[in-house]
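Here is what each chain is made of, one letter per residue.
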Amino acid sequence: MAGYDKRFSGRKFDEMREIEAKVGVIKRADGSALFRMGDTIAIAAVYGPRELHPRFLQNPETGILRCNYDMTSFSVPERKRPGPNRRGVEISLVTEKALLPVLELKQFPNAVVDVFVEIVQANAGTRCAGISAAALALAHAGIPMKDLVSAVSVGKVSGKVLIDLDKEEEDVDDATDIPIAMTGRKQEITLLQLDGNLAKKDLMEAIKLAKQGCEKINKIQQKALKDAYKSVKNE
Ligand code: ADP
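Everything numeric in this text was worked out from a predicted model, so none of it was measured.

> Provide a residue-level description of the sheet that holds strand β8 (residues 176-183), including the pertinent values.
The strand order across the open sheet formed by four strands is β7-β6-β8-β9, and the pairing between neighbours is antiparallel. Two strands lie at the open edges of the sheet, namely β7 (160-163) and β9 (189-192), each paired on one side alone. Across the sheet, the axes of successive neighbouring strands diverge by a mean angle of 20°, strand direction being ignored. As defined by bridge partners, β8 adjoins β9 across three bridges and the pair is classed as antiparallel.

Here it is in structure tokens:
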């Protein structure tokens, strides 16, 4: 494809899709959240801390985090085969790694905190939406956290560095997609995946865009948490 002068969606190169965040969407969970970026919708549910079974998996020095990412079969245009697959295992692992640095689980020896991330509609960027949803759900569950984590994908499509690729952009032959997660206050990167080629200059520009995007996402996450407690007060 020749130069990408205007995005398919009409967005600016530094413009994310519309974002929606809400906590408390699953009553039976200890904490839960919905996070939507455009047509990508992630729901996260947190259970725990609770005693880890089987007991040989327990760590007497700290609680552990266990993430499970999955896409529903109706989340994509062609029905996705239900059940675990390699992609899900990988994304579950990177979700865990992206969140662990902000969690204070030392006070929960032998326990586990389970996070289930379910993608109910997918249009690229699902691991990022899942991480932003999971961080919110953990905070909503009252798990001690040093900070929130926000995530967005950045990348390069036909010569242009841009933020929050949608599926149409991800599918462009030369597209490079870089999911990035970072903490709120210090903007320390807790996840960066890069598949493809990118010059250092472009990578630095992409990270700068991710920082701007995550700052906005962090504010939206904070508002979602505050809104939940506002409604408690008014009940
Ligand atoms: P991410 O969703 O984090 O960008 P990928 O790059 O692996 O992760 O996936 C990109 C997009 O491809 C997904 O968001 C989804 O829209 C689509 N996709 C992934 N897996 C499937 C699948 N099994 N069937 C159809 N579409 C899929």
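> If you had to explain the nonpolar core to someone new, which residues and values would you point to?
Most often, soluble globular proteins keep nonpolar side chains buried together rather than apart. Core analysis: the biggest nonpolar cluster contains 58 residues, and F35, L65, L99 and L138 have the highest contact counts within it. For this core, the element with the most residues is helix α4 (residues 200-234), which contributes ten residues. Residue contacts for L65: discarding those within four places in its chain leaves E96, L99, L100, L103, L105, V113, V115 and L138.

> Which residues make up the site of the ligand, and what values go with them?
In the vicinity of the ligand, the residues found are M71, V76, K80, R87, A122, N123, A124, G125, T126, R127, K167 and E170. Take R87: an N or O atom from its side chain is 2.7 Å from an oxygen atom of the ligand. Burial of the ligand by the surrounding chains reaches 73%, relative to a free accessible area of 540 Å². Partitioned by chemical class, the residues of the shell around the ligand number four nonpolar, three polar and five charged.

> Requested: an account of a nonpolar patch on the surface, with residues and values cited.
Among the surface-exposed residues, I189, L192 and L194 lie close enough to one another that they form a single nonpolar patch of about 220 Å² accessible area. Within the element layout of this structure, L192 appears in strand β9.

> Break down the packing of helix α1 (residues 86-99) against helix α2 (residues 126-140) for me, citing the residues and quoting the values.
Packing of α1 against α2 brings their axes to within 10 Å, and their N-to-C directions diverge by 45°. Accordingly, the angle class assigned to the pair α1 and α2 is oblique. Handedness of the α1/α2 crossing: right-handed. Here R87, E90, I91, T95, A98 and L99 of α1 lie close against α2, whose contacting residues are T126, R127, I131, A134, A135 and L138.

> I'd like a description of the packing of aromatic side chains, backed by residues and values.
Two aromatic rings are characterised by how far apart their centres lie and by the angle between their planes. Within this structure, the stated rule accounts for three aromatic pairs. Taken together, a centroid distance of 5.0 Å and an interplanar angle of 55° make the contact between Y4 and F8 tilted. A residue is classified by how much of its surface remains accessible, and Y4, at 2% relative accessible area, is buried. Centroid distance Y47 to F116: 5.9 Å. Interplanar angle 70°. Geometry classified as edge-to-face. One end of the pair, Y47, is in strand β3 (residues 40-51); the other, F116, is in strand β5 (residues 111-121), with 69 residues separating them in the sequence. The class for Y47 is partly exposed, based on a relative accessible area of 24%. Linked through ring pairs, Y4, F8 and F13 together constitute an aromatic cluster.

> Please give an account of α1 that cites residues and values.
Here α1 spans 20 Å end to end across 14 residues, near enough to the 20 Å set by a 1.5 Å rise per residue. Residues G88, I91, S92, V94, T95, E96, A98 and L99 constitute the buried set of α1.

> Hey, could you go over the side chain of R127 for me, with residue numbers and the actual values?
Of note, R127 is situated in helix α2. Owing to a relative accessible area of 19%, R127 belongs among the buried residues under this scheme. If we skip the residues at most four places from it in the chain, R127 touches Y69, E90, I91, P179 and Q193.

> Talk me through the pattern of salt bridges; I want residue IDs and the actual numbers.
For the coordinates displayed, the defined rule picks out 18 salt bridges. One salt bridge connects R11 with E169, and the closest N-O pair in it is separated by 3.9 Å. Note that R11 is positioned in the segment before β1 (19-23) and E169 in helix α3 (residues 167-170), a separation of 158 residues in sequence. A salt bridge links K230 to D227; its shortest N-O distance comes to 3.4 Å. Highlighted residues: K230 and D227, both in helix α4, separated by three residues, approximately one helical turn. Overall, the relative accessible area of 49% leaves K230 in the partly exposed class.

What counts, and where the lines are drawn
- Counting starts from 1 at the beginning of each chain's written sequence and moves along it residue by residue.
- The model is predicted, so local features are restricted to residues of pLDDT at least 70 and side-chain atom pairs to those at 80 or more, both for listing and for counting; the totals for chains, interfaces and linings are taken over all residues.
- Remark: hydrogens and water are excluded; side-chain values derive from all non-hydrogen atoms of the structure.
- One bridge is not enough; two strands pair if DSSP finds at least two bridges between them.
- Numbering of helices and strands starts at the N terminus; helices are DSSP runs of H or I of at least 4 residues and strands are runs of E of at least 2.
- Only the stretch in contact is used when a helix axis is fitted, and all axes are lines through C-alpha atoms; the angle between N-to-C directions ranges over 0 to 180 degrees.
- We call a set of buried residues a nonpolar core when its members are Ala, Val, Leu, Ile, Met, Phe, Trp, Tyr or Cys and they connect through side-chain atoms within 4.5 Å of each other.
- Three labels apply to residues, based on accessible area from a 1.4 Å probe with only protein chains included: buried if under 20% of the type maximum, exposed if over 50%, partly exposed otherwise in between.
- Contact between two residues is taken to exist if any of their heavy atoms lie within 4.5 Å; hydrogens are not considered.
- Throughout this document, a residue counts as near a molecule or strand when at least one of its heavy atoms sits within 4 Å of that molecule or strand.
- In the analysis that follows, any N or O atom pair within 3.5 Å is treated as a polar contact, provided that within protein one partner can donate a hydrogen and the other can accept it, and provided that, for residues neighboring in sequence, both atoms belong to side chains.
- Calculation of accessible area relied on Shrake-Rupley with a 1.4 Å probe; when residues are assessed, cover is drawn exclusively from the protein chains displayed.
- The classification used treats Ala, Val, Leu, Ile, Met, Phe, Trp, Tyr, Cys and Pro as nonpolar, Asp, Glu, Lys and Arg as charged, and all other residues, Gly among them, as polar.
- Only residues whose relative accessible area exceeds 30% and that form no salt bridge enter a patch; like-charged residues are grouped when within 9 Å of one another, and nonpolar side chains (Val, Leu, Ile, Met, Phe, Trp, Tyr) when within 5 Å.
- Any Lys or Arg side-chain nitrogen located within 4 Å of an Asp or Glu carboxyl oxygen qualifies as a salt bridge.
- Orientation labels follow simple angle bins: below 35 degrees gives roughly parallel, above 145 gives roughly antiparallel, 65 to 115 gives roughly perpendicular, and whatever is left gives oblique.
- Take the far helix as the reference: if the near one is turned anticlockwise from it by less than a right angle, the crossing is left-handed, and if turned clockwise, right-handed.
- Centres within 6.5 Å make a pair out of two Phe, Tyr or Trp rings, where for Trp the six-membered ring is used; the pair is then stacked when the planes are under 30 degrees apart, edge-to-face when over 60, and tilted otherwise.
- Here the expected length of a helix is defined as 1.5 Å per residue gap, with one fewer gap than residues.

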